[in-house]
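# Fold and geometry: a report
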Amino acid sequence: KQFDLPREEPQHGDQEFEALVAEFDDIIWKMIRRCRASRQETGEAMSDRQVHDEVATIFLAGHETTASAVSWTFFLLSSHPEPDRQVRKEVQQVLAGRPPRVQDLPRLQYTSRVIEEALRLYPSAWLMLRHTVEDDEILGCRIPAGTDVIISPFVVHRHPAFWTDPETFDPERFREEDRSSQHRFAYIPFGGGPRVCIGRNFALMEVQLVVASVVQRFRMAPVPNHPIRPKARFILQSESGIPVTLVKA
């Protein structure tokens with residue numbers, strides 16, 4: 001697996017970067033003003049700055065990550081015919097040919113397990129950074145306050161102490177009866193604890209709807225002789241793309 005950290009990042013004073021940020025902010029502030037003017041209230045007050053930051057998070061972190069999750073899910077289905085068959089069978093039974101709706105998602109249980117297993121093997125956010133605010137110690141290792149701690153879901157999700165046959169694609173490991181014995185931080189595609197990703201449920205809903213919509217009409221087949229090598233940038237990508245062949249179902 002190739003991990004390629006970026007060597008450069010935009011800095012304050014970069015005029016092109018700051019112009020793009022200003023344009024992005026303008027789009028969000030216009031959305032907030034329209035929402036305020038329409039009196040759409042949730043019952044819990046948020047300042048405009050809080051709303052701005054939440055919207056920015058969804059815009060910036062909520063599209064490429066979801067696209068990555070869908071791509072890796074299709075790749076795994078294309079190279080594992082039996083899970084692909086089971087997903088298509090479940091979707092056919094639940095939807096009977098109509099487009100999927102949010103209300104259908106609780107019944108698409110195997111489809112959900114496939115997506116969870118895809119996120120285990122290929123988490124979109126392959127690396128997370130936390131900054132310690134107090135001194136701490138983990139397994140005898142002292143961590144002073146002010147330390148940047150890097151956590152990799154990609155590594156945790158393949159650790160043999162937590163997963164049987166960790167390199168194997170096995171959606172059945174996410175059956176409800178097997179989840180109770182799982183370490184609460186062994187599976188962290190969206191982080192964990194109080195800093196868990198705010199878009200978790202929305203992202204899972206998106207991916208499930210997309211997968212169900214596509215497998216209704218197509219089955220997946222791999223592209224022969226095309227190597228798939230994960231490449232870790234900000235989002236987990238494939239070094240040469242993730243092509244699959246769609247065969248009309």
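Because the structure is predicted, anything quoted here is derived from the model rather than measured. (Residues numbered from 1 in each chain as written. Predicted model: local features only at pLDDT ≥ 70, side-chain atom pairs only at ≥ 80, totals over all residues. Heavy atoms only, no water.)

This next bit is on the side chain of Thr 66. Position of Thr 66 among the secondary structure elements: in helix H3 (residues 64-78). For Thr 66, the residues in contact, after removing those within four places along its chain, are Ala 203, Glu 206 and Val 207. (Helix = DSSP H or I, 4+ residues; strand = E, 2+ residues; numbered from the N terminus. Contact = heavy atoms within 4.5 Å.)

Running from amino to carboxyl end, H3 crosses helix H5 (residues 109-121) at an angle of 105°, the nearest separation of the two axes being 9 Å. For the element pair H3 / H5, the angle class is roughly perpendicular. Together, Ala 69, Thr 73, Leu 76 and Leu 77 of H3 and Val 114, Ile 115, Ala 118, Leu 119 and Leu 121 of H5 make up the contact between the two elements. Taken together, the residues that form the contact of H3 with H5 break down as eight nonpolar, one polar and no charged. (Axes fitted to C-alpha atoms, helices over the stretch in contact; angles between N-to-C directions. Parallel < 35°, antiparallel > 145°, perpendicular 65-115°, else oblique. Nonpolar A, V, L, I, M, F, W, Y, C, P; charged D, E, K, R; others polar.)

So, on to the environment of Val 149. Within the element layout of this structure, Val 149 appears in strand E5 (residues 148-151). In this structure, the C-alpha to C-alpha distance between Val 149 and Ala 69, residues 80 residues apart in sequence, is 25 Å. Those residues within four positions of Val 149 in sequence are excluded, and the remaining contacts are Met 128, Leu 129, Arg 130, Thr 132 and Ile 143.

This part covers the packing of helix H4 (residues 81-95) against H5. In contact at an axis separation of 8 Å, H4 and H5 are set at 140° when each is read in the N-to-C sense. Of the two elements, H4 crosses H5, and the hand of that crossing is left-handed. Note on element contacts: H5 touches H4 through Gln 109, Tyr 110, Thr 111 and Val 114, opposite Pro 83, Gln 86, Val 87, Glu 90 and Val 91. Residue classes in the contact of H4 with H5 are distributed as five nonpolar, three polar and one charged. (Left-handed = near helix turned anticlockwise from the far one by under 90°.)

The subject of this paragraph is the packing of aromatic side chains. Within the structure shown, the criterion is met by six aromatic pairs. Arranged with centres 6.3 Å apart and planes meeting at 70°, the rings of Phe 75 and Tyr 122 form a pair that is edge-to-face. Residue Phe 75 is found in helix H3, and its partner Tyr 122 is found in the loop between H5 and strand E2 (128-131); the two are separated by 47 residues along the sequence. Pair check on accessibility: Phe 75 and Tyr 122 agree, each one buried. Ring geometry for Trp 163 versus Tyr 187: centroids 6.3 Å apart, planes at 70°, classification edge-to-face. Of this pair, Trp 163 sits in the loop between helix H6 (153-156) and helix H7 (176-179) while Tyr 187 is found in the loop between H7 and helix H8 (200-215), placing the two residues 24 residues apart along the sequence. The same class applies to Trp 163 as to Tyr 187, namely buried. Ring pairing ties together the aromatic residues Trp 72, Phe 75 and Tyr 122, which thus form one cluster. The ring of Tyr 122 carries Arg 158 above its face, with NZ or CZ at 5.4 Å from the centroid. (Phe/Tyr/Trp six-rings, centres within 6.5 Å; stacked < 30°, edge-to-face > 60°. Buried < 20%, exposed > 50% of the residue type's maximum accessible area, 1.4 Å probe, protein only. Lys NZ or Arg CZ within 6 Å of the ring centre and 35° of its normal.)

The next subject is a nonpolar patch on the surface. The grouping of Ile 58, Ile 198 and Phe 202 at the surface amounts to a nonpolar patch, some 280 Å² of accessible area in total. Secondary-structure assignment places Ile 58 in helix H2 (residues 48-61). On the accessibility criterion, Ile 58 (36% relative accessible area) is partly exposed. (Patch = residues over 30% accessible without salt bridge, like charges linked within 9 Å, V, L, I, M, F, W, Y side chains within 5 Å. Areas by Shrake-Rupley, 256 points an atom, 1.4 Å probe, with all protein chains shown as cover. Salt bridge = Lys/Arg side-chain N within 4 Å of Asp/Glu carboxyl O.)

On to the confidence of the model for the protein. Here the protein averages 86 in pLDDT, while 90% of its residues score no lower than 70. The least confident element of the protein is strand E1 (residues 2-3), whose mean pLDDT is 48; the most confident is H5, at 97. (pLDDT = per-residue confidence, 0-100.)

Bringing the layout of surface pockets into the picture now. Where empty space is left in the structure can be found by rolling a water-sized probe over the atoms. Considered as a void within the structure, the second largest pocket measures approximately 710 Å³ in volume. Forming the walls of the second largest pocket are 25 residues, and the residues nearest its centre are Arg 130, Ile 138, Val 149, Ile 151 and Phe 185. Where the lining of the second largest pocket is concerned, the elements lending two or more residues are E2, strand E3 (136-138) and E5. Here the residues of the lining of the second largest pocket are counted per class, giving 13 nonpolar, seven polar and five charged. (1 Å grid on protein atoms, 1.4 Å probe; cavity = no way out; pocket = protein on both sides within 12 Å on 5 of 7 lines; lining within 4 Å. Points joined across faces, edges and corners; volume = space filled by probe spheres on them.)

This brings us to the pattern of salt bridges. If the charged atoms of two oppositely charged side chains come close together, the side chains can form a pair. The tally for this structure, following the rule as stated, stands at 13 salt bridges. Two residues, Arg 88 and Asp 84, come together in a salt bridge whose shortest N-O distance is 3.4 Å. Of the two residues, Arg 88 and Asp 84 both sit in helix H4, four residues apart, roughly one turn of that helix. According to the relative accessible area criterion, Arg 88 is partly exposed, its value standing at 23%. Linked through salt bridges whose partners overlap, the residues forming this network are Arg 113, Glu 172, Arg 175 and Glu 177.

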